[in-house]
Amino acid sequence: MDAIRPAASFLLQRLVQMLLVMLAILAIAFAVRSSLGDPIRELTGQAASASERAELREELGLNDSWPVQFGRYLKGAATGDLGTSYIYKRSTLGVILDKFPASFELVLAASLIVVLLSIPGGIYCAVKPRSLGAKLVLGFSVLGVSVPVFLTGILLISLFSVLWGWLPAFGRGETVSVFGWESSFLSLDGLEHLLLPAVTLSSIMLPLFIRLIRSAMLDELGRDYVRTARAKGVSRIHIWIGHALRNAWLPVIAQAGLQFGNLLAFTLLTETVFQWPGMGFLFLEAVTRADIPLITTYLVVVGAIFVVTNTIADLMSLALDPRVSLEAAR
Amino acid sequence: MVRPMRVLLALLLIIGAGIAPAVLSGPAIAVERDKTLRMAYDADPISLDPHEQIASATLQMSHLLFDPLVRFDKNMQLQPRLALRWEKIDERTTRFYLRPGVKFHSGNTLTAHDVVWTLNRLKRSPDFKALFEPFEGARVIDALTVDLITKKPYPLVLNLATYIFPMDRDFYSGNDQNGEAKDAIVKHGASFASTHVSGTGPFIVTEREQGVRLVMQRFPDYWDKESPGNVGEIVFTPIKEPATRVAALLAGDVDFIAPVPPGDLKRVEAAPCCTLVTMPSTRILTFQLNQKTVEAFKDPRVRLAVNYAINREGIVNKIMRGFGSPAGQLSPEGFDGYDPDLKPRYDVEKAKALMEEAGFADGFSVTMIAPNNRYVGDYQIAQAVTAMLAKINITVTLQTMPKAQYWERFDAREGDILMIGWQSDTQDSANIFEFLAMTPDPKTGYGQYNGGSYSNSEVDKLTLESQTMTDKTARADLLRSIERILYDDAAMVPMQWQHLSWGARKNVLIEPVVNSIDMPYLGDLVIE
């Protein structure tokens, strides 16, 4: 019982926090509504008369003040109705949830690449700091951070699609439906389509994590327990992986939770370059076409995702670090 | 195409298969029936309802899923489609003889009733009703004969007949499962017609994921058996990012793209895999000088000076890389109002002299607003003009913004110089004058986009006169005279006619099916 109670109250607290975050996001979203652009223009042709436009504006409730619109939205939200997209003509939540698997898998694939490459890369740079290899890895990582994700994408397309013709240039290709979840991971075509966007997206996080792991490792390798272990004759590999890395984990995990949100933000660009049918692409489309209900719901969903991932990251560092307790995490 | 990366991925997949064997399935092999056209445009239509919005995407789609009564060919000549022939019965009546035996996708046969029904629907569409305002209605004469009746003698009946894509009356009648009328036109929500189609066009929608993919199959009972088109399937993908669109074409992932961004024109042209087709469109890009906010712009000499100060040729060559035609008037070549003598002006010395004459030798300061994602080259052109006007001491503070923000500002006339592009919906000069040059009047809607509030009673009078003139030669004379008044008065600052661009793989013969009104007739497309 004692263990469950703090855990339950921790989660409850996070739930409340999530609701507050979403309310705050919503309030801001509604306050800036009028400057998001005019959806009427997107919905009517050039020859539509001023009165036609005024009529449509009234019909969409755009003439009301933002608190009134906000109130109407909350009333709808209470019954599960988050509005209807102007361009998709369906429930905004439905539209976004349809795009969620594509974005999630892209982020997942990018994260996998980051994990698979940054751990060995970071360790290598820490244990052989003066080697040519380490300098190359670090040099590359500087390049990775400084090249905008947009350019990375275009460069990869130019090389792998246009010049060599190995990989497709855009889209998600064929997906396989598993219990209603459209997955790219289960077909060759899907994986081919996934590779370039995932590499592009990972190019932002990979250098960061290599450096993070490297500095955390360097920190640990200089500590007394490492020297003691060395003196005891413990093998190097065991010291690196078994001791130093385990302690170096904590800041990395904490960062990972925070960076996940960033990754989500960068999907906007990656998805645009590769015409990846995910949430980020959808959001940019909504912004260019001033689909206000869709923009609002996207912000709410992303706010929820942020809180959830941060909660997961907190729980993970909790599980990994015996020094941190639930009480402290609160 | 051999893709070595496949091997690597196959290995990964096999490893993955060990973890999740139950859900693994092999890649499906696409079955090729006839020719498949994989095409990528910058956007897909947001609705399958042809009457929901007048927009290029909607009209392009209409030419695939429907057929108009008549259509323009490459030389802007009218071509019979669902109407075999037509004749004028009296001043206000044009009789159309429909093609017999034309089938809708639903299996119904096209009759005059469908045409009448469609015209009535057009007349209540918020977007189309203004265009069809001159029409009183249509009358069924017999199953294959229909009269279009206008309120007054109207010279553009046939131009507007290109917008009449007969819809399947029986298919769209009654209520859907939600109890809503199937023929409802809904702009911002779901409707039967926005997701269901029965037209007479060469293609049927078989799969649609909005924003991602639109698949169309050739309609087996399509009436036009003589069409050389051999495309059996169209896979339409919107690719918003221009660089990716071009890459997809060059990589062979798609066969046909539009538009090709100006920066990539040379690249596509030079690529051995591909063909580039460009041509001037009918869209005029112009600046308007706001006489409501700037006293000086009321002086024709100042407006002339502005016109003389801008090097349109230079902008087209340097900024647009030849992808535009310098303009001295509003009507594009091929329109009745086009006057070849009205050349673009450029003479900085003369501009300075005019400024001095008007008492503005020291110049003045103004603001300019322009969109930055609406027209090809929009904000770069605005920047160049800003620099050019500095030479005659007009200091311009330029603000560019996305189109979503722009139109609100334009409607409020929040700028001393405003940019606008205009494409005549009727393929006729009068439409340009009505919207851009006539004195703004909220009651009639004339001058709705006359951002400069330029007002000339002669222009108003002549434009109204042209609306009921049915003598084509006399009418063309009149339209040209309006164009000349606007030129002499320097009513606005025409910049250039925008160009259109399409890129395709070499075996896709797009040249014969594309046109200056940007309505590719893909039913007639041949793929080798």
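What you see is a predicted model, and the numbers here were worked out from it, not measured in a lab. (Residues numbered from 1 in each chain as written. Chains lettered and ligands numbered in written order. Predicted model: local features only at pLDDT ≥ 70, side-chain atom pairs only at ≥ 80, totals over all residues. Heavy atoms only, no water.)

Caption draft 1: View of the UniProt feature "domain: ABC transmembrane type-1" (unreviewed entry) in chain A. UniProt's feature table lists "domain: ABC transmembrane type-1" (unreviewed entry) at residues 100-317 of chain A, given in the numbering used throughout. Along residues 100-317 of chain A, the helical share is 80% and the strand share 3%, with 26 Å between the first and last C-alpha atoms. (UniProt positions renumbered as here; feature names shortened; annotations may be inferred. Helix = DSSP H or I, 4+ residues; strand = E, 2+ residues; numbered from the N terminus.)

Caption draft 2: The arrangement of the domain arrangement of chain B in detail. Residue and element names in this part refer to chain B. Under the domain assignment, chain B is made up of domain 1 (37-237) and domain 2 (280-499). For domain 1 and domain 2, the distance between their C-alpha centroids amounts to 34 Å. Taken together, the contacts link 14 residues of domain 1 with 10 residues of domain 2. For the pair domain 1 and domain 2, the summed buried surface comes to about 1000 Å²; carbon and sulfur atoms form 63% of the total. The largest share of the area that domain 1 buries against domain 2 comes from Met-76, Pro-155 and Leu-156, three residues that together contribute 36% of it. Remark: the boundary between domain 1 and domain 2 carries 0 salt bridges. (Domains from an automatic or database assignment. Contact = heavy atoms within 4.5 Å. Buried area = accessible area lost by both parts, 1.4 Å probe. Salt bridge = Lys/Arg side-chain N within 4 Å of Asp/Glu carboxyl O.)

Caption draft 3: The pairing of strand E12 (residues 274-289) of chain B, seen in detail. All names here are of chain B. Burial of E12 is extensive: 13 of the 16 residues sit out of reach of the surface. Across 6 bridges, the pairing between E12 and strand E16 (residues 417-422) is antiparallel. What sits directly across from Thr-286, in E16, is Ile-420. (Buried < 20%, exposed > 50% of the residue type's maximum accessible area, 1.4 Å probe, protein only. Pairing = 2+ DSSP bridges.)

Caption draft 4: Inspection of helix H14 (residues 457-466) of chain B at higher detail. Residues and elements named next belong to chain B. Turning to H14, its buried residues number three or more, namely Val-459, Asp-460, Leu-462, Thr-463 and Ser-466. The inward-facing, buried residues of H14 contact helix H13 (429-437) and helix H15 (472-489). Regarding H14, its N-cap is Asn-456, as a side-chain oxygen of that residue lies 2.9 Å from the backbone nitrogen of Glu-458 further along. (Polar contact = N/O pair within 3.5 Å; in protein donor to acceptor, adjacent residues only side chain to side chain.)

Caption draft 5: Here's a closer look at the interface of chain A and chain B. Each partner contributes to the interface: chain A provides 60 residues, whereas chain B provides 63 residues. Of the roughly 5100 Å² buried where chain A meets chain B, counting both sides, 57% is carbon and sulfur surface. Area buried by chain A at its contact with chain B is led by Gln46(A), Lys89(A) and Leu188(A), which between them contribute 15% of it. In this structure, the connection of chain A to chain B is made through 3 salt bridges. Salt-bridge contacts for Lys89(A) lead to Glu52(B); the nearest nitrogen and oxygen are separated by 2.5 Å. Linking chain A with chain B are 12 residue pairs in polar contact (both at pLDDT 80 or more), by the criterion used here. Within the residue set of the side of chain A that touches chain B, elements represented by two or more residues are helix H2 (39-43), helix H3 (50-59), helix H7 (149-163), strand E1 (176-178), helix H8 (188-221), helix H10 (236-273) and helix H11 (279-288) of chain A. The element best represented in the side of chain A that touches chain B is H7(A), accounting for 6 residues. Classifying every residue of the side of chain A that touches chain B gives 33 nonpolar, 15 polar and 12 charged. (Nonpolar A, V, L, I, M, F, W, Y, C, P; charged D, E, K, R; others polar.)

Caption draft 6: Structural detail: the sheet that holds strand E6 (residues 135-142) of chain B. All names here are of chain B. Here 4 strands make up an open sheet; going across it, the order is E4-E5-E7-E6 and the pairing antiparallel. If you trace the sheet from one side to the other, it starts and ends with strand E4 (83-90) and E6, each paired once. Sheet twist, expressed as the average angle between the axes of neighbouring strands with direction ignored, equals 20°. The pairing of E4 with strand E5 (residues 93-98) spans 6 bridges and is antiparallel. Counterpart to Glu-87 in the pairing with E5 is Arg-95. Together, E5, E6 and strand E7 (145-150) form the strand contacts of helix H3 (residues 112-124), whose direction differs from that of E6 by roughly 170°. (Axes fitted to C-alpha atoms, helices over the stretch in contact; angles between N-to-C directions.)

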